[in-house]
Amino acid sequence: MMKAVGIGVALVMMAGCTPTSYLVPEVSERNAGDVAGCKDLGRVRGIPGVYGALREIGLKDARRAAKVKAKEVGGNVVVFDPVAEGETVYELSAQVYAC
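In this report, we go over the structure that sits alongside the text. Just so you know, these numbers come straight off a predicted model, no measurement behind them.

**Quick word on the sheet that holds strand β2 (residues 39-46)**
With respect to topology, four strands assemble into an open sheet ordered β1-β3-β4-β2, the strand pairing being mixed. Each end of this open sheet is capped by a strand with a single partner; those strands are β1 (28-29) and β2. Where β1 meets strand β3 (residues 77-80), two bridges bridge the pair, whose relative direction is parallel. If you follow E29 over to β3, its bridge partner there is V78.

**Re the pattern of salt bridges**
With the rule as written, the count across this model stands at six salt bridges. Of the charged contacts, one joins K71 and E26 as a salt bridge, the two residues approaching to 3.5 Å between their closest N and O atoms. Here E26 lies in the loop between α1 (2-15) and β1 and K71 lies in helix α2 (residues 55-72), a separation of 45 residues in the sequence. For E26, a relative accessible area of 42% translates into the label partly exposed. Of the charged contacts in the structure, one is a salt bridge between E56 and R55, with a shortest N-O distance of 2.9 Å. Counted as one network, the salt bridges with shared partners bring together E29, R63 and K67.

**Considerations on the environment of S28**
If you trace the backbone, S28 turns up in strand β1. On a C-alpha basis, the gap between S28 and V79 in space is 8.7 Å, while along the polypeptide they are 51 residues apart. Once residues within four sequence positions are removed from consideration, S28 is found in contact with N76, V77 and V78.

Rules and cut-offs
Residues numbered from 1 in each chain as written. Predicted model: local features only at pLDDT ≥ 70, side-chain atom pairs only at ≥ 80, totals over all residues. Heavy atoms only, no water. Pairing = 2+ DSSP bridges. Helix = DSSP H or I, 4+ residues; strand = E, 2+ residues; numbered from the N terminus. Salt bridge = Lys/Arg side-chain N within 4 Å of Asp/Glu carboxyl O. Buried < 20%, exposed > 50% of the residue type's maximum accessible area, 1.4 Å probe, protein only. Contact = heavy atoms within 4.5 Å.

Next comes the structure, spelled out in structure tokens:
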């Protein structure tokens, strides 16, 4: 029981270390069909820092990191590769566009 409580406290503490804002206002997410007239700038990736019970936080961190990288290369739109429900994601990739 004490071990479970300790793990729960650790999860809450780790969640507190993640950014409170996952927004990168200059970069939007779109579908592949929405970028037909845009300039392709290449690919970026984000790597989740946490997994398992904190999977969603890790994915949000990875999306934000990819968007920041997209902005750095002059992009304002990303199209993320699909992620299967429940799949453990070790790298989240996206195509970057200037639209």
